Amino acid sequence: MDFIIILQNLLNGFGNTVLLFAITLIAALPLGLLIAFGSMSKFIPIKAFCRGLVWVIRGTPLLLQVLLVTLVPFYVFNIGNTEIISFLGIKMKTLLFSYACLAFIINYGCYFSEIIRGAIESVPKGQFEAGKVLGMTKGQIFRKVILFQVIKKSLAPASNEIITLVKDTALASIAGVIELYTSAEHLVNQFIVLTPLLYAAIFYLIFNGVLTLLFAYLEKKMSFYKE
Amino acid sequence: MKKLITLMLTFVLAVTACISLAACGNTNKPVVVDGLVLAEEQYGIAAKKGNDALVSKINEALISIADDEMQTIANKYGLTSEIAVKNDTVNPLAAASDDSWTNLVSRNKVVIGYTVFAPIAYEVVEDVPTKGYDIELAKAVFEYLNETYSSNIVVEFLEIDWNAKETMLEGGSIDLVWNGLTITQERIDNMCISVPYLYNKQVAVVLNQNANKYKTIESMKDAIVGAEDGSAGEEQIQSKNIGKEYVACDSQLQAYQQLKTKTLDVIVIDSVMANYYISMEK
């Protein structure tokens, strides 16, 4: 068993894992904010749509969602993915990876939206009123008074979700994405030993360790304002 | 609250209706690419080394029912083109004279080891597989033997761990392994193997509408190809450099679904699976 080969393969898979993780995180947070606003909207259709979306996405397995996203073009629009890639001039792997990203973004966007909604609703109403009295616009109140508190309040619960996201990337394999876990499985099949899975676990552990430290640092940074 | 529940139910119903309608609309049947065999395997039935007389009787039965019952069973699972026995196949063990067959007759029971996978052996009801090509073939063979030799052998199926099949045979827990067992030199050395009864080829499957486009490996050079992760089909794709891009799938069935939903242009899977899947299409 060649340690270098195993490390190289795992690093390749790890690259995909990190990419999927980063794209999901960057896109899901703003989407979460948007859905949170929608869920709190006074306009009933938007509110119903957002609440319904959150219900469906949180109520079904992510694995199924990833698979369904890859099938949507065919079953809904009757366009094969092969036609899409020849039209866009990209590789099938890229397209499937994008589908996986899309499913992850929507899924995590919904989870984040609930965290953000909770944080926004926990800001005392008096602060909105005080802003109004001072003659601030709604946008100003949100940006200058509420937003920072929301970030601070959602940091701890969001870190939970973000760490789960690292491990959930393994589900992207259903769409043909070779991420860390799948590449470890390949090595298990190649060498007929289970150690690659253990190495993969160490990769996940280190990655999450770095994230944990990062969140601890951020929380410390934000703790100057005590309620 | 009532309103909310009504809304939820309406939504679920609407989605279910949409999905089922969409799923019905597309019936483009996949087909096996004619005359393109990438690799060929043969299935055989294995007994303990030295039980030549028993295997000889099974060979004899297989050859005798090759033209009638075997065809009927194969037809049921879409495997007619895969039959490897003919009525003029020679039984290589015809002269065997050990006591394995007479022992079986006096015991009145044969235990067959199997693992569950469609279309070979599946739909296990209360520990008994009720469907599958190998299951029905085994029953037909022993029915023939009981009739011909006026014996009274009862067939019993026992689910085994595939990796333990040789030890199970050695230890006498099972008399036969009859479960899509690929004939290899190593197995011939270690077990007594029957005449090949079924071919399993690595074949390319494409959509009917593309059947004229993809006829040779050369014509597939712009295709997106798929196979089960780590399978013999994947090996063929990589060694023969088929297609423009390779996508690994979780299972042969998933590869087949990806073909049907036009994510893949060509898949390379077992012919037994391919023919079974295609026979299940409306």
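Cut-offs used in this document
- Residues numbered from 1 in each chain as written.
- Chains lettered and ligands numbered in written order.
- Predicted model: local features only at pLDDT ≥ 70, side-chain atom pairs only at ≥ 80, totals over all residues.
- Helix = DSSP H or I, 4+ residues; strand = E, 2+ residues; numbered from the N terminus.
- Buried ≥ 20, exposed ≤ 12 C-beta atoms within 10 Å, placed from the backbone.
- Contact = placed C-beta atoms within 7 Å.
- Core = buried A, V, L, I, M, F, W, Y, C linked by C-beta atoms within 7 Å.
- Pairing = 2+ DSSP bridges.
- pLDDT = per-residue confidence, 0-100.
- Axes fitted to C-alpha atoms, helices over the stretch in contact; angles between N-to-C directions.
- Parallel < 35°, antiparallel > 145°, perpendicular 65-115°, else oblique.
- Left-handed = near helix turned anticlockwise from the far one by under 90°.
- Nonpolar A, V, L, I, M, F, W, Y, C, P; charged D, E, K, R; others polar.
- Domains from an automatic or database assignment.
- Expected span 1.5 Å × (residues − 1).
- Bend = angle between axes of the 7 residues up to and from the residue.

Asker: I'm lost on the overall build of chain A in this one. Help?
Answerer: A count of helices and strands for chain A gives 9 helices and 0 strands. Order of helices (α) and strands (β) in chain A, N terminus to C terminus: α-α-α-α-α-α-α-α-α. By its C-alpha atoms, chain A is 70 × 45 × 30 Å across when sized along the principal axes. Looking at chain A residue by residue over its 227 residues, the buried ones come to 33%. Taking the intrachain contacts of chain A between residues at least 6 apart in sequence as the baseline, contacts between residues at least 24 apart amount to 76%.

Asker: Help me understand the overall build of chain B, please; the structure alone is not making it clear to me.
Answerer: Scanning chain B from N- to C-terminus turns up 10 helices and 11 strands. Once the C-alpha set of chain B is aligned to its principal axes, its extents read approximately 70 × 60 × 35 Å. Residues classed as buried in chain B amount to 41% of the 282 residues present. For chain B, the share of sequence-separated contacts (at least 6 apart) that also reach a separation of at least 24 residues comes to 73%.

Asker: Sorry, what's going on with the nonpolar core here?
Answerer: Nonpolar side chains tend toward joint burial in soluble globular proteins. Ala100(A), Ala46(B), Val225(B) and Ile267(B) are the most contacted members of the largest nonpolar core, which has 128 residues in total. Among the elements that line this core, the one with the most residues is helix 5 (residues 92-121) of chain A, at 19 residues. For Val225(B), the contacting residues outside a window of four places in its chain are Met220(B), Ile237(B), Ile242(B), Gly243(B), Tyr246(B), Leu264(B), Asp265(B), Val266(B), Ile267(B) and Val268(B).

Asker: Could you clarify how one ought to interpret helix 6 (residues 125-133) of chain A in this entry?
Answerer: Turn by turn, an α-helix covers 3.6 residues, leaving residues three or four places apart pointing in a common direction. Summarising burial for helix 6 of chain A: 0 of the 9 residues are buried, a small minority. Looking one or two residues past helix 6 of chain A, Gly135(A) carries a phi angle of roughly 85°, positive in sign.

Asker: Mind showing me how you'd approach the pairing of strand 8 (residues 198-207) of chain B here?
Answerer: Consecutive side chains along a regular strand alternate between the two faces of the sheet. Residue and element names in this part refer to chain B. In terms of residue burial, strand 8 counts as a mostly covered element, since 9 of its 10 residues are buried. Strand direction decides the pairing type here: strand 1 (residues 30-48) and strand 8, joined by 9 bridges, are antiparallel. Among the inter-strand pairings, Val-32 is bridged to a residue of strand 8, identified as Val-205. Bridge count for strand 8 against strand 11 (residues 266-270) is 5 bridges, and the pairing is antiparallel. Paired with Val-206 across the bridge in strand 11 is Val-266.

Asker: I tried to follow the confidence of the model for chain A on my own but got confused; where do I start?
Answerer: One rule of thumb: low pLDDT means the predicted coordinates there are not for detailed reading. Averaged over all residues, the pLDDT of chain A equals 91, while 98% of them reach at least 70. The least confident element of chain A is helix 8 (residues 180-191) of chain A, whose mean pLDDT is 85; the most confident is helix 2 (residues 44-59) of chain A, at 96.

Asker: Sorry, what's going on with the environment of Ala95(B) here?
Answerer: Note on placement: Ala95(B) falls in the loop between helix 3 (69-76) and helix 4 (100-107). Counting along the chain gives 39 residues from Ala95(B) to Ser56(B), while the straight-line C-alpha distance between them is 8.1 Å.

Asker: Where do I start with the packing of helix 1 (residues 3-40) of chain A against helix 5 of chain A in this structure?
Answerer: For any two helices packed against each other, the geometry comes down to the angle between their axes and how far apart the axes lie. All names here are of chain A. Here helix 1 crosses helix 5 at 45°, and the two axes come no closer than 6 Å. Between helix 1 and helix 5, the angle falls in the class oblique. The element helix 1 and its partner helix 5 pack so that their crossing is right-handed. Split by residue class, the contact of helix 1 with helix 5 holds 19 nonpolar, 5 polar and 1 charged.

Asker: Please clarify how the domain arrangement of chain B should be interpreted in this entry.
Answerer: Interfaces are often described in size by the accessible area the parts lose on coming together. Residue and element names in this part refer to chain B. Partitioning chain B into structural domains gives domain 1 (28-37 + 201-280) and domain 2 (40-200). In this complex, domain 1 contributes 9 residues to the contact, which on the side of domain 2 involves 12 residues. Examining the composition of the side of domain 1 that touches domain 2, we find that 6 residues originate from one element, helix 10 (residues 271-280), more than from any other.

Asker: Would you take a moment to explain unusual backbone geometry for this structure?
Answerer: With the exception of glycine, most residues fall at negative phi, and the peptide bonds are largely trans. All names here are of chain B. Cis peptide bonds are those with omega within 30 degrees of zero, and the linkage from Ala-118 to Pro-119 qualifies with 0°. For Pro-119, the location among the structural elements is in the loop between strand 2 (109-114) and strand 3 (122-125). A positive phi angle is found at Asn-108, which is not glycine, with a value near 65°. One can find Asn-108 in the loop between helix 4 and strand 2.

Asker: Looking at this structure, how should I read helix 1 of chain A?
Answerer: Look at helix 1 of chain A: 53 Å from first C-alpha to last across 38 residues, which is about the 56 Å you get at 1.5 Å a residue. Where helix 1 of chain A bends most, at Ala28(A), the angle is about 30°, and the proline Pro30(A) comes one to four residues later.

Asker: What am I meant to see in the confidence of the model for chain B here?
Answerer: Mean pLDDT over chain B works out to 90, with 96% of the residues at or above the 70 mark. With a pTM of 0.77, the predicted complex shows an ipTM of 0.71.

Asker: What is the right way to look at the pairing of strand 4 (residues 128-131) of chain B in this model?
Answerer: Note that strand 3 of chain B and strand 4 of chain B share 3 bridges and pair antiparallel. Its bridge partner lying in strand 4 of chain B, Val125(B) is registered against Val128(B).

Asker: What's the story with the environment of Val105(B) in this structure? I'm lost.
Answerer: Residue and element names in this part refer to chain B. For Val-105, the location among the structural elements is in helix 4. Overall, Val-105 belongs to the partly exposed group, with 17 C-beta atoms counted inside 10 Å. Linking Val-105 and Val-154, residues 49 residues apart in sequence, is a C-alpha distance of 9.7 Å. In this structure Val-105 touches Ser-151 and Ile-153, once residues within four positions along its chain are discounted.

Asker: Looking at this model, I keep getting lost on the environment of Phe3(A). Mind explaining?
Answerer: All names here are of chain A. Residue position: Phe-3 is located in helix 1. You can call Phe-3 exposed: it has 9 C-beta atoms within 10 Å. Measuring from C-alpha to C-alpha, the distance between Phe-3 and Pro-196 comes to 9.4 Å, with 193 residues separating the pair along the chain.

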